[in-house]
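Chains, contacts and geometry: an overview
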Amino acid sequence: MKYWLMKSEPDECSIDDVLAAPGKKTPWSGVRNYQARNFMRDEMRAGDGVLFYHSSCAEPGIAGLAEVASAPYPDASQFDAKSDYFDGKSPRDAPRWINVDVRAVRKTRLVPLAELRKHKALAKMALLRPGNRLSITPVSAAEWRYITEKLI
């Protein structure tokens with residue numbers, strides 16, 4: 001089992017939105033970064049733990065727990081000319097972009113980015129590295145335990 005931090009802008013898809021969705025599940029679509037795509041395509045498996053992170057908002061931070069709920073599959077938005085995530089260069093027979101489904105487990109108290117930075121046990125967390133802007137980052141088992149047992 002692996003653990004991940006997945007960022008979502010709450011005005012596009014919040015933890016509350018996913019909890020209200022059928023099956024408490026949503027496709028994690030629209031990822032257009034190759035490294036984040038590779039995490040989904042090559043490393044994520046159903047059942048992996050997810051820290052659901054609200055980004056690009058007044059107070060970014062961990063807002064809930066979720067899990068990977070599917071194997072990777074082609075992101076349909078890459079083929080939709082009306083989508084903001086359309087990619088006219090992505091061939092249907094070898095799609096460039098994929099997604100996984102994510103199932104919300106529960107909403108937590110918001111653990112702000114500023115609070116995460118205060119904990120020495122999280123100092124090496126990918127999210128906290130200078131310049132990191134990836135929407136999906138791995139979380140170590142020790143970081144997962146620390147956050148889920150001490151912070152939420």
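The notes below deal with the structure included here. Each chain carries its own residue numbering, running from 1 in the direction its sequence is written. pLDDT decides what is reported in this predicted model: residues at 70 or higher carry local features, side-chain atom pairs at 80 or more are listed and counted, and totals for whole chains, interfaces and linings draw on all residues regardless. Water and hydrogen atoms were dropped before computing side-chain values, which therefore reflect all heavy atoms in the structure.

Describing the packing of aromatic side chains
Stacked, tilted and edge-to-face are the three classes assigned to paired rings of Phe, Tyr and Trp, where Trp is represented by its six-membered ring and a pair needs centres within 6.5 Å; plane angles under 30 degrees give stacked, over 60 edge-to-face, the rest tilted. Under the counting rule described, the total for this entry stands at four aromatic pairs. A centroid spacing of 4.6 Å and a plane angle of 25 degrees characterise the contact between Y3 and W144, whose relative ring orientation is stacked. Here W144 lies in helix α4 (residues 141-151) and Y3 lies in strand β1 (residues 3-8), a separation of 141 residues in the sequence. Of the two residues examined, Y3 and W144, each falls in the buried class. Seen from their ring centres, W4 and F39 are 5.4 Å apart, and the 50 degrees between their planes marks the pair as tilted. Think of it this way: any DSSP run of H or I at least four residues long counts as a helix, any run of E at least two long counts as a strand, and we number them from the N terminus. For every residue, the accessible area obtained with a 1.4 Å probe (protein chains only) is divided by the maximum for its type, and the residue is called buried under 20%, exposed over 50%, and partly exposed between those limits.

Quick look at unusual backbone geometry
Peptide bonds are trans in most cases, and residues, glycine excluded, mostly fall at negative phi. Notably, K24 is not glycine yet its phi reads approximately 55 degrees, a positive angle. Position of K24 relative to the elements: it lies in the loop between α1 (15-20) and β2 (25-27). Residue S56 is not a glycine yet carries a positive backbone phi of 50 degrees. Tracing the chain through its elements places S56 in the loop between β3 (49-54) and β4 (61-68).

Quick notes on helix α2 (residues 34-43)
Along α2, the residues classified as buried are A36, R37, F39 and M40. Angular distribution of buried residues about the axis of α2 spans 155 degrees; they occupy a single face of the element. Contacts were defined at the residue level, with two residues in contact if any of their heavy atoms lie within 4.5 Å. Against β1, β6 (98-99) and β8 (136-139) lie the buried residues of α2. A distance of 2.9 Å separates the backbone nitrogen of Q35 from a side-chain oxygen at the start of α2, and that oxygen is part of N33. The arc in question is formed by the directions pointing from the helix axis toward the C-beta atoms. Two N or O atoms count as a polar contact when they lie within 3.5 Å, although within protein this holds only if one can serve as hydrogen donor and the other as acceptor, and sequence-adjacent residues are included solely when both atoms are side-chain atoms.

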